[in-house]
Amino acid sequence: MRRRAALVVALITAMVGASAGAAGAAPKSSYAYLHPGGQPRLTEKVPVNVVFLGYEPDQVGRAAYLSGLPKKYEPVVRYRLVYGQTEKLGITYTYDYKVSYGSRSYEDKFFRQLGKLAKPAPLTEYQTAYNEQAKNVRDITANHAIDAPSVEKWLAYHPPAGVDTRRNTIFFINWYGRSDFKFHVYTKTGEPDPDTGYDFGQERDSRKVIAWGGTTADDEETGLGSTRRVWFHDLSAGPESWTSNYDVDHPDLDGDGEVDYRMPPTWEYTAGGFRAPGALAGDLSLITRYVALNLLMTSSPLYPVELPTPEPPKSLNIDSNTYEGWPGVDASQRYITPELLVDELSELRWRNRLDFDNQDLPYDAKAEECYLGVLTDTSCYPDSGYPAFANLYLYNWANLERTKDDAGRVDYEIPVFNYAVGEGVDVPALGFADDNYVDGTQTGVFTFISPDVVASGYGLTTTQIHEVGHHLGMSHPHDGYDSETGVDYEPAGRFLFANAGDESNSMMSYIDVNWDFSQFDRDNSDRFLTAAYHEAANRLAADVLASSRASRAKAQLRAADVLLGLSTRAFARHDYRAAYAFAEGAYNQVVAGAKRAGVDPAGAAKALATEADAARRTVEVHSPHEFIDTLAPDSPRSQP
């Protein structure tokens, strides 16, 4: 794609240059796709296939199901919302829903396959806990384990007639009620933590799931071979830990006075059960909207995908810095696997060149004071106005120059700070991707390791991949934004069921059974970056046209307009990689035009940075931090 896009850019430039006319002619003030100073105008009619297997139309009515689904979606930068800003990306999705019910012959074939894959297994802790509920409709008498990637692959390559699994496809499965039904859970094993060797999928019952999907074509462990976009969800599996649907006795699980909404097993949709039969269509509609669409298939970025650099960077260095405060342990040597870190992030940011380096930093008195202050809510910069949680940001930004060891070699060093602490010292989280506490712009990545963290199964590498993913804009698949209602939500209260989004092949989930970015992650990242390059081209084009020498850039601006047109059309036909490549080519053309017109390509970004710096001195400092990746006892990750 990179080579093909480069060839197209070169041909367009040559063609436009040949027809540019006299050098002194004024450039056009309007273009078809280049909107100087304006936002991107990217649209996509997103195909969404929904296939019901084992659910009949009288159980899940088409009209009732569709009535709860959104008509469109406009992504926003979610962390800006915390600061009262709604920053849209310039993307508008509409949805093309195709709903079908499996035929009897297809369902027989599919459930035969499930039966072949099902292996006898002990009841999970959560199936046993379900049996112990006072109000459960029936008891689980036996259990079977089914390999989730095998089911995803079978569905991807054996869909019902007319269903194209290259496009977003949701399979809702209900095996219960058939004569061949077996109680079951889905498993994902064989991908242990690279630093500790701990296989969460094998060792923990909390990682036995009822949904799975999003695997890429080239996933090293379970790749599909070619690009497919499948996610399946099976309420006849489990019950399970992750969505807490094993508990049918307690509407309010955390005691906060709000019902924690979750979808029970299929057999609980009955008179006298946890949910009335008529609620099933609405519940599956909720899962489609608030999980499959908002969190997986058409999500919003957490942070801006435009990194805080003067120009969009081509080369990225993962600049790892480790405070070695664990006596007798070289944590950076033992608990970081650089090759995996670079490989996984390169698959997400495939048009960037990524590399890694680490330096160890002294865990001296000030570093320790600021670290322990986070745990005790004590600021180590009490006159700053920043909360204690900002200690690590403030300390490391005050000493940032000592970490800048790649100046001039790469365009951007991603600041990663690892704290290794010894026995008896707590950690504030597994990690978090910090912001500037003023306007929601990403700053640094912080990860933590201790004997307790290692005993829980984690090294540093997977946390680094996850947190750098946030720094690059990616959200969790369990919290997100609903565009039509303007609600940003997390898996709690009426949205507890959103935890189901973690049951996907995404590095951004908490389920810890894989270390890859999903196909949905890749699609969304490419879309976000397409919009970012459209916006960068528009912003710089405005500066070029304001120049007295704008006429010198005529050919380049016209070439950019053509390339943005190709990008827009590729985006609309769901070719996100081509859309991204063409948009980057368009921006490069505007940069070339800016240089011809005597305009600094980084000028606009520098001006914005100056404004932001001034704002830091006048705007109230906030302390939001809603997205800390915790190992707290009540976190799903901490469950056995």
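The preceding data block contains the structure.
Let me begin by describing the structure that accompanies this report. Because the structure is a prediction, the values reported are computed rather than measured.

Turning next to the sheet that holds strand β7 (residues 185-187). Pairing is mixed across the open sheet formed by three strands, whose spatial order is β4-β5-β7. Each of the sheet's edge strands pairs with one partner strand only, and the pair in question is β4 (119-121) and β7. Strand-to-strand twist across the sheet, computed as the mean angle between neighbouring axes with direction ignored, equals 45°. Of the strand pairs in this sheet, β4 and strand β5 (residues 143-147) are connected by three bridges, and their pairing is antiparallel.

Here we take up the nonpolar core. In terms of nonpolar packing, the biggest core is built from 109 residues, with F110, L155, Y186, W231 and L284 touching the most fellow members. Dropping the residues within four chain positions of it, L284 is found in contact with F52, Y55, V60, Y65, F172 and L235. Ranked by size, the runner-up nonpolar core spans 49 residues in total, among them V342, C370, V374 and I465.

Across all of its chains, the model carries 26 salt bridges by this definition. Across the salt bridge formed by R80 and E87, the nearest N and O atoms sit 2.8 Å from each other. Since its relative accessible area comes to 10%, R80 is described here as buried. You can call E87 partly exposed: its relative accessible area is 25%. Here the salt bridges share partners, and the residues they tie into one network are R104, D108, R178 and D180.

Now for helix α10 (residues 338-348). Among all positions of α10, only L341, V342, E344, L345, E347 and L348 are buried. Buried residues along α10 sit against β10 (315-325), β11 (353-361), α14 (461-471) and α15 (519-545).

The next point concerns the pairing of strand β12 (residues 412-421). Counted residue by residue, β12 has ten buried out of ten residues, so it is predominantly covered. Across the two faces of β12 the burial is the same, with Y412, I414, V416, N418 and A420 and E413, P415, F417, Y419 and V421 all buried. Strand direction decides the pairing type here: β10 and β12, joined by ten bridges, are parallel. Across the sheet, D319 pairs through a bridge with P415, a residue of β12. The pairing of β12 with strand β14 (residues 442-449) spans five bridges and is classified as parallel. Across the sheet, F417 pairs through a bridge with F446, a residue of β14.

Looking now at the side chain of T461. Structurally, T461 can be placed in helix α14. Residue T461 is classed as buried on the basis of its relative accessible area, which comes to 0%.

A separate point is the sheet that holds β14. As summarised here, the arrangement of the five strands in space is β11-β10-β12-β14-β13, forming an open sheet in which the pairing is mixed. What marks the edges here is a single partner per strand, and that holds for β11 and β13 (431-435). Each strand of the sheet is rotated relative to its neighbour by a mean of 20°, with strand direction disregarded. Across the sheet, α10 is in contact with β10 and β11; its angle to β11 comes to roughly 140°. With respect to the sheet, helix α12 (residues 391-398) is in contact with β10, β12, β13 and β14, its orientation differing from that of β14 by roughly 110°.

Turning to the packing of aromatic side chains, a few remarks are in order. The description of two aromatic rings rests on the distance between their centres and on the angle between their planes. Applying the stated criterion to the full structure yields 51 aromatic pairs. An angle of 90° between the planes, with centres 5.4 Å apart, marks the rings of Y176 and F181 as edge-to-face. Accessibility expressed as a relative area gives 27% for Y176, which makes it partly exposed. On the basis of relative accessibility, which here comes to 17%, the residue F181 falls in the buried class. Seen in terms of ring centroids, F571 and Y576 are 6.3 Å apart; in terms of plane orientation they differ by 75°. Their pairing is edge-to-face. Pair check on accessibility: F571 and Y576 agree, each one buried. The ring of Y381 has K366 sitting right over it, with the charged end atom 4.8 Å from the ring centre. When the ring centre of W350 is taken as origin, the NZ or CZ atom of R577, which lies over that ring, is 3.8 Å away.

So, how was this worked out
- Residues numbered from 1 in each chain as written.
- Predicted model: local features only at pLDDT ≥ 70, side-chain atom pairs only at ≥ 80, totals over all residues.
- Heavy atoms only, no water.
- Pairing = 2+ DSSP bridges.
- Helix = DSSP H or I, 4+ residues; strand = E, 2+ residues; numbered from the N terminus.
- Axes fitted to C-alpha atoms, helices over the stretch in contact; angles between N-to-C directions.
- Core = buried A, V, L, I, M, F, W, Y, C linked by side-chain atoms within 4.5 Å.
- Buried < 20%, exposed > 50% of the residue type's maximum accessible area, 1.4 Å probe, protein only.
- Contact = heavy atoms within 4.5 Å.
- Salt bridge = Lys/Arg side-chain N within 4 Å of Asp/Glu carboxyl O.
- Phe/Tyr/Trp six-rings, centres within 6.5 Å; stacked < 30°, edge-to-face > 60°.
- Lys NZ or Arg CZ within 6 Å of the ring centre and 35° of its normal.

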